[in-house]
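Working through the structure, step by step
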Amino acid sequence: MNERNRCQRFVFLLGILTSAALTASSRADEAAANWPRFHGPHGTNMSAETGLLRQWPEGGPPQRWTAQGIGDGFATVSIADGRIYTAGNVDGQTAITALDLSGQRLWQVPNGGAWTGSQPGSRGTPTIERGRLYHESPLGDVVCLDAVSGGKIWGLNILQQFGGENISWALSESLLIDGDRLICCPGGPQTAVVALDKRTGETLWKSPGVGGDRAGYASPTLAVHQTLRMILTMTSRHVIGVHADTGELLWQFEHVTPWDENIFSPIFHDGQVFISTGHRVGSVMLKVIVEGQKASVQEVWRSRELDNHHGGVILRDGYLYGSRWSPGWACLAWQTGQTMYSERGVGKGSLTYADGMLYTLSEGGQMGLVPATPEQHTVVSRFPLPAGGTGPVWAHPVVCGGRLYLRHGDMLYAYDVRRRDP
């Protein structure tokens with residue numbers, strides 16, 4: 001074999017080895033992917049992933065697969081232990097589906113009846129913890145399943161058990177785990193928030209009601225300020241803080257909106273709580289004042305420049321990014337509420353964050369990639385979702401394991417967004 005042939009053979013073998021190494025690395029990244037609940041492991045909707053594309057090819061990043069048969073709905077995905085979970089309407093029931101990382105169905109089990117009223121379909125995203133799955137249906141059916149097999153461990157209906165009444169567009173929260181407690185929000189005259197034993201479903205505590213408020217559409221969050229642990233959420237007409245260990249109602253702040261559409265999961269940072277509502281109601285910042293195991297709140301600022309409907313808001317490096325009711329996107333300064341920009345972008349929608357970029361998804365199915373900077377909103381790449389899904393695109397995007405997951409109705413799409421350096 002001459003020198004030229006030896007060099008060519010070496011380059012060929014090196015290419016094979018490099019490709020194999022990249023494939024093995026990609027598979028390892030996917031297997032280690034962890035997005036175990038709505039808005040990720042810390043509830044911030046910010047992925048820790050790096051090495052992602054800063055710009056997409058024309059037509060979008062490579063699509064790896066499409067999964068169909070998850071049912072109609074707006075629940076996004078949770079990912080843990082090499083499996084993907086979501087929920088949707090299937091044959092008149094709310095169905096929870098588990099897929100493998102190639103989009104193949106592993107199991108599908110019902111969780112009570114389906115929501116078939118206005119905007120039919122699922123809402124809440126499954127929560128995964130230590131091999132168990134927790135989910136609340138739009139009709140209030142809370143279930144605990146074995147995350148591997150889908151076998152039922154326990155279940156109950158929180159509206160029936162705690163005297164609540166369903167809301168206009170159905171219960172929409174994704175459940176929160178706090179230690180041994182599973183936190184959910186039935187609302188109504190008896191209680192606003194309850195803590196269940198995550199192992200058995202037994203009631204550990206329940207908060208008082210809040211003036212008879214029904215539930216909001218928000219998912220509860222956990223906040224810790226000066227050693228005081230609080231569950232934050234929104235009822236139909238208030239944002240509230242509940243003692244995470246006892247259920248005591250610590251504070252309430254009235255926030256009345258058209259049609260009682262309090263959908264936003266409160267953001268807590270540096271002793272302050274941020275909320276936002278669509279329909280031009282706008283945003284409010286509250287300061288939490290703690291005295292021992294008691295707390296109160298004071299209003300800091302208001303802004304109508306960011307009136308987020310249900311697409312979520314991300315806090316990064318002192319700035320808030322989110323979609324406005326009037327189609328577009330806004331950025332506000334956390335401390336002052338100052339508007340940094342207000343741009344159309346891909347139009348009203350939802351978002352997530354990864355590797356310095358905002359992944360913005362419009363209700364009409366346009367996916368955009370935007371640098372997360374307060375100076376301007378520049379869509380550096382965009383592509384449309386494939387045809388086939390029905391209804392508005394309301395499920396929030398997820399970036400996990402080097403993949404971008406997008407849901408439209410009964411369809412789930414997976415795209416490879418990893419950067420492959422030459």
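Notes on the structure in this doc start here. (Residues numbered from 1 in each chain as written. Predicted model: local features only at pLDDT ≥ 70, side-chain atom pairs only at ≥ 80, totals over all residues. Heavy atoms only, no water.)

1. Thoughts on the sheet that holds strand β29 (residues 366-371)
The strand order across the open sheet built from five strands is β1-β27-β28-β29-β30, with neighbouring strands paired in mixed fashion. For this open sheet the edge positions go to β1 (46-47) and β30 (381-384), each flanked by a neighbour on one side alone. Relative to β29, strand β28 (residues 357-362) runs antiparallel, the two being bridged by five bridges. In the strand pairing of β29, Thr360 is matched with Gly368. (Pairing = 2+ DSSP bridges. Helix = DSSP H or I, 4+ residues; strand = E, 2+ residues; numbered from the N terminus.)

2. Some words on the environment of Glu129
Inspection of the secondary structure assignment puts Glu129 in strand β7 (residues 127-129). In this structure, the C-alpha to C-alpha distance between Glu129 and Ala80, residues 49 residues apart in sequence, is 8.5 Å. Not counting the four nearest positions on each side in its chain, Glu129 is found in contact with Tyr134, Ile177 and Lys198. A polar atom in the side chain of Glu129 sits 2.9 Å from the side chain of Lys198. (Contact = heavy atoms within 4.5 Å. Polar contact = N/O pair within 3.5 Å; in protein donor to acceptor, adjacent residues only side chain to side chain.)

3. Describing the side chain of His255
Positionally, His255 belongs in the loop between β18 (249-254) and β19 (267-269). Residue classification places His255 among the buried positions, given a relative accessible area of 3%. In this structure the side chain of His255 is engaged in a polar contact, spanning 2.8 Å, whose partner is the side chain of Thr277. Those residues in contact with His255, other than ones at most four positions away along the chain, are Met234, Ser236, Arg237, His238, Asn262, Ile275, Thr277, Val281, Gly282 and Val284. (Buried < 20%, exposed > 50% of the residue type's maximum accessible area, 1.4 Å probe, protein only.)

4. Describing the environment of Ile314
Mapped onto the elements, Ile314 comes out in strand β23 (residues 313-316). Residue class for Ile314 comes out buried when judged on its relative accessible area of 0%. Counting along the chain gives 46 residues from Ile314 to Phe268, while the straight-line C-alpha distance between them is 11 Å. Discounting chain neighbours no more than four positions away, the residues touching Ile314 are Thr44, Asn45, Met46, Tyr319, Leu320, Tyr321, Leu351, Thr352 and Tyr353.

5. Regarding the sheet that holds strand β16 (residues 228-234)
Spatial strand order, β15-β16-β17-β18: four strands in an open sheet with antiparallel pairing. Edge positions in the sheet fall to β15 (221-225) and β18, since each has one partner strand and no second. Averaged over all pairs of adjacent strands, the angle between their axes in this sheet comes to 25°, without regard to strand direction. Pairing between β15 and β16: five bridges, direction antiparallel. Paired with Ala223 across the bridge in β16 is Met230. (Axes fitted to C-alpha atoms, helices over the stretch in contact; angles between N-to-C directions.)

6. Structural notes on the pattern of salt bridges
Counted by the stated rule, this structure contains 17 salt bridges. Between Glu299 and Arg302 there is a salt bridge whose closest N-O contact spans 2.9 Å. Among the charged side chains, a network of salt bridges with common partners joins Arg64, Asp416, Arg418 and Arg420. (Salt bridge = Lys/Arg side-chain N within 4 Å of Asp/Glu carboxyl O.)

7. With respect to the side chain of Asp416
In this structure, Asp416 sits in strand β33 (residues 411-416). The buried category is assigned to Asp416, whose relative accessible area is 2%. Within the structure, the side chain of Asp416 is placed 3.1 Å from the side chain of Arg64, a separation counted as a polar contact.

8. Some thoughts on the packing of aromatic side chains
Tallied over the entire structure, the rule returns eleven aromatic pairs. Ring geometry for Trp65 against Tyr405: centres 6.1 Å apart, planes inclined by 55°, an arrangement best described as tilted. A residue pair is termed long-range when its members are at least 10 positions apart, and Trp65 in strand β2 (residues 63-68) and Tyr405 in strand β32 (residues 403-408) qualify at 340 residues. Take Trp65 and Tyr405: they sit in the same class, and that class is buried. For the pair Phe74 and Trp394, a centre-to-centre distance of 4.9 Å together with 45° between the ring planes defines the contact as tilted. (Phe/Tyr/Trp six-rings, centres within 6.5 Å; stacked < 30°, edge-to-face > 60°.)

9. Focus on the nonpolar core
Core analysis: the largest hydrophobic core is formed by 30 residues, its most contacted members being Met230, Trp251, Ile267, Phe274, Leu286 and Leu320. Breaking this core down by element, the ones donating at least two residues are β16, β18, β20 (272-277), β21 (282-291), β22 (294-303), β23 and β25 (328-333). Looking at which element gives the most residues to this core, the answer is β21, with five residues. (Core = buried A, V, L, I, M, F, W, Y, C linked by side-chain atoms within 4.5 Å.)

10. Considerations on the layout of surface pockets
Estimated volume of the largest pocket: approximately 1,100 Å³. The wall of the largest pocket is formed by 46 residues, among which Phe38, His39, Ile263, Ser265 and His396 lie closest to the centre. For the lining of the largest pocket, the residue count by class is 23 nonpolar, 20 polar and three charged. (1 Å grid on protein atoms, 1.4 Å probe; cavity = no way out; pocket = protein on both sides within 12 Å on 5 of 7 lines; lining within 4 Å. Points joined across faces, edges and corners; volume = space filled by probe spheres on them. Nonpolar A, V, L, I, M, F, W, Y, C, P; charged D, E, K, R; others polar.)

11. A closer look at empty space enclosed by the protein
Scanning the model with the defined rule gives two cavities of 30 Å³ or more in all. Lining of the largest cavity is provided by Cys185, Pro186, Gly187, Ala192, Val193, Arg214, Ala215, Gly216, Thr233, Met234 and Thr235. The residue inventory of the lining of the largest cavity, partitioned by class, reads six nonpolar, four polar and one charged. Quantified by volume, the second largest cavity comes out at close to 30 Å³. If you go around the second largest cavity, the residues you meet are His310, Gly311, Gly349, Ser350, Glu363, Val393 and Trp394. In terms of residue class, the lining of the second largest cavity is made up of two nonpolar, four polar and one charged.

12. Considerations on the pairing of strand β17 (residues 238-243)
The element β17 is extensively covered by neighbouring structure, given that six of its six residues are classed as buried. Alternating residues of β17 divide into His238, Ile240 and Val242 and Val239, Gly241 and His243, and every residue in both groups is buried. Taken together, the five bridges between β16 and β17 define a ladder with antiparallel strand orientation. Each residue of the ladder has a partner; that of Thr233, found in β17, is Ile240. Here β17 folds back onto β18, and the loop between the two strands holds five residues, one of which, Gly247, carries a positive phi near 85°.

Purely geometric numbers; function is a separate question.
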